[in-house]
Amino acid sequence: MVPHRHRASPPAAARVLGAGLVLAGVGLAARGEVASEPAPMPLAPAAVAPAHPLPLPPVDDSFLPASVIEPLDALDPGGTEGNDGLPPPRSRTRGKPARPAPVSLGAFWAPAAAASGQPGGVALNAQFARVGVPLVRPVEGEPLWLAIGKFGRLELAGDLVLPDSGTPLPDQLWLVETGVTHIRPLASGATVGGTVLVGSASDRPFAALRDMTALAVLFATLPAAAESDEWNVSLFYSPTSQLPYPLPGLAYVWRPSATVEAKLGLPFGLEWTPDDDWSLSLGYTPLVNAQAILRRRLGAGFSVVLIDMSDTEIYFLAERAAAAERFYVFNQRVAVGLERAMARGFALEITADYLFDRLLFQVTRSLSGRTDVVPLAPGPGLSVQLSWRR
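Predicted, not measured: the structure shown is a model, and the values here were computed from it. (Residues numbered from 1 in each chain as written. Predicted model: local features only at pLDDT ≥ 70, side-chain atom pairs only at ≥ 80, totals over all residues. Heavy atoms only, no water.)

K.L.:
Would you take a moment to explain the nonpolar core for this structure?
P.N.:
Side chains of a nonpolar character, in soluble globular proteins, are inclined to be buried together. One finds Leu156, Leu169, Leu173 and Phe327 to be the most contacted residues of the largest nonpolar core, which totals 22 residues. When contributions to this core are tallied by element, the ones reaching two or more residues are β1 (103-114), β2 (121-134), β3 (144-157), β4 (172-185), β14 (326-341), β15 (346-363) and β16 (370-376). No other element matches β2, which puts three residues into this core. If we skip the residues at most four places from it in the chain, Leu173 touches Gly152, Arg153, Leu154, Leu156, Ser202, Asp203, Tyr315, Leu317, Phe327 and Val329. Counting nine residues, the second-largest nonpolar core is a separate cluster that includes Leu144, Leu197, Leu215 and Phe236. (Core = buried A, V, L, I, M, F, W, Y, C linked by side-chain atoms within 4.5 Å. Buried < 20%, exposed > 50% of the residue type's maximum accessible area, 1.4 Å probe, protein only. Helix = DSSP H or I, 4+ residues; strand = E, 2+ residues; numbered from the N terminus. Contact = heavy atoms within 4.5 Å.)

K.L.:
Teacher, can you tell me more about the environment of Thr285 here?
P.N.:
Relative to the elements of secondary structure, Thr285 occurs in strand β11 (residues 278-285). Relative accessible area serves as the criterion here: at 28%, Thr285 is assigned to the partly exposed category. Taking C-alpha positions, Thr285 is 9.5 Å from Gly249, a pair spaced 36 residues apart along the chain.

K.L.:
Looking at this model, I keep getting lost on the packing of aromatic side chains. Mind explaining?
P.N.:
The geometry of an aromatic ring pair is captured by the separation of the ring centres together with the interplanar angle, meaning the angle of the planes. Within this structure, the stated rule accounts for five aromatic pairs. Considering the side-chain rings of Tyr328 and Phe361, the 4.8 Å spacing of their centres and the 15 degrees angle between planes classify their relative orientation as stacked. With Tyr328 in strand β14 and Phe361 in strand β15, this residue pair connects regions lying 33 residues apart in the sequence. For the pair formed by Tyr328 and Phe361, the shared burial category is buried. On the basis of an interplanar angle of 40 degrees and a centroid distance of 6.4 Å, the ring pair of Phe346 and Trp388 is categorised as tilted. One end of the pair, Phe346, is in strand β15; the other, Trp388, is in strand β17 (residues 379-388), with 42 residues separating them in the sequence. Note on Phe346: relative accessible area 33%, which makes it partly exposed. Over the face of the ring belonging to Phe302 we find Arg340, whose NZ or CZ atom lies 4.8 Å from the ring centre. The residue whose ring lies beneath Arg370 is Phe361, and the NZ or CZ to ring-centre distance is 5.0 Å. (Phe/Tyr/Trp six-rings, centres within 6.5 Å; stacked < 30°, edge-to-face > 60°. Lys NZ or Arg CZ within 6 Å of the ring centre and 35° of its normal.)

K.L.:
What is the right way to look at the environment of Glu349 in this model?
P.N.:
Within the fold, Glu349 resides in strand β15. For the pair formed by Glu349 and Glu339, sequence separation is 10 residues and the distance between their alpha carbons is 4.2 Å. With residues up to four places along the chain from it excluded, the contact list for Glu349 reads Arg295, Val305, Ile307, Leu338, Glu339, Ser383, Val384 and Gln385.

K.L.:
Can you walk me through the side chain of Ser104 in this structure?
P.N.:
Residue placement: Ser104 occurs in strand β1. On the accessibility criterion, Ser104 (0% relative accessible area) is buried.

K.L.:
How should I be thinking about the pattern of salt bridges in this particular structure?
P.N.:
Between side chains of opposite charge, a pair can form as their charged atoms come close. Tallied over the full model, the rule gives 10 salt bridges. Between Lys263 and Glu261 there is a salt bridge, and its shortest N-O distance comes to 2.5 Å. The class for Glu261 is buried, based on a relative accessible area of 0%. It is possible to trace a salt-bridge network through shared partners that takes in Glu230, Arg255, Glu261 and Lys263. (Salt bridge = Lys/Arg side-chain N within 4 Å of Asp/Glu carboxyl O.)

K.L.:
I'm lost on the confidence of the model for the chain in this one. Help?
P.N.:
Low-pLDDT portions of the prediction should not be read for the details of their coordinates. Predicted confidence across the chain gives a mean pLDDT of 77, with 73% of residues reaching 70 or more. Counting contacts from residues 1-10, a segment whose pLDDT is below 50, to residues more than four positions away or on other chains yields 24 contacts. (pLDDT = per-residue confidence, 0-100.)

K.L.:
Looking at this structure, how should I read the side chain of Gln332?
P.N.:
Structurally, the position occupied by Gln332 is in strand β14. Under the relative-accessibility criterion, Gln332 is labelled buried at 0%. Separated by 3.3 Å, the side chains of Gln332 and Ser310 make a polar contact. (Polar contact = N/O pair within 3.5 Å; in protein donor to acceptor, adjacent residues only side chain to side chain.)

Okay, structure coming up:
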């Protein structure tokens, strides 16, 4: 989190890590012991894979940006090698917690929050959709082509003015992106690939060439000396990222046991599934993207989920003074809710949220040179998401 003239709150991952470890420990103590050979954690009865799941090429995509992972992940959930559905030849953490589905629809609402230094407030409501579809039938060991589509609408209901530029706060912000991902396994055991997305993120999408967005990623997973481990290497660029420059990534994927997977480097990640009912997921990518998700399976298709994360949305305003200027909507979010697995691979998640450290601002190059800063008061929110995992 990047604070604005106030004391910074602890990062999301740090706030939940302690709570997650304590809660998981309590759960294990209540059970009395941990099985020496934990079975894969089922998401819920409705999320079980068919008898002959469609195989996909071996690839660990968790080091990619969220905009790529969201539609790519969970294309074939369930199966015997973890609920990401990817059957790699190397050992993986069992019972990995649920990740975003290839098809997902959602909405968010937050009531009006007071804006510092201005008489009015801002209420938020948003809708989004994302989809990832194989362009050819996935076959294990063969290259994969995946089409990706994303749509988002964020409404800012309020009569505010950005204080430095005097520009009225836009009432709607849009995101429309489409592109492809290519994944190619090699005979050496490595996997290489890339992603390209193009679109527009603006209050007036596609109104001008300078309002267009692009995302490009090159990535590779390389075998490590330990049979169960890997190296993740990546190169990422997007003009609407928090660092609008080509960014290298390097992480060592360490799997010391069937219940732990740690990505040591940048981006950072940790997956811990001590038994069938508990899972903890931590993640961080520069600069301020951190998240922690603690999940407890209740049975009968229900799970309770605790989320602590940083949310950052970045847009190009059509009337901005400089072409490189980007508009940020930033907050931190703590949420608790229920997930219900339903028939035919559908799942519904509803969470009650608390938003804090909320900021609207503009940046030209780095987060240290912010202008038009509008702090918003903390307050509640409500999120709903419907996903489909085939």
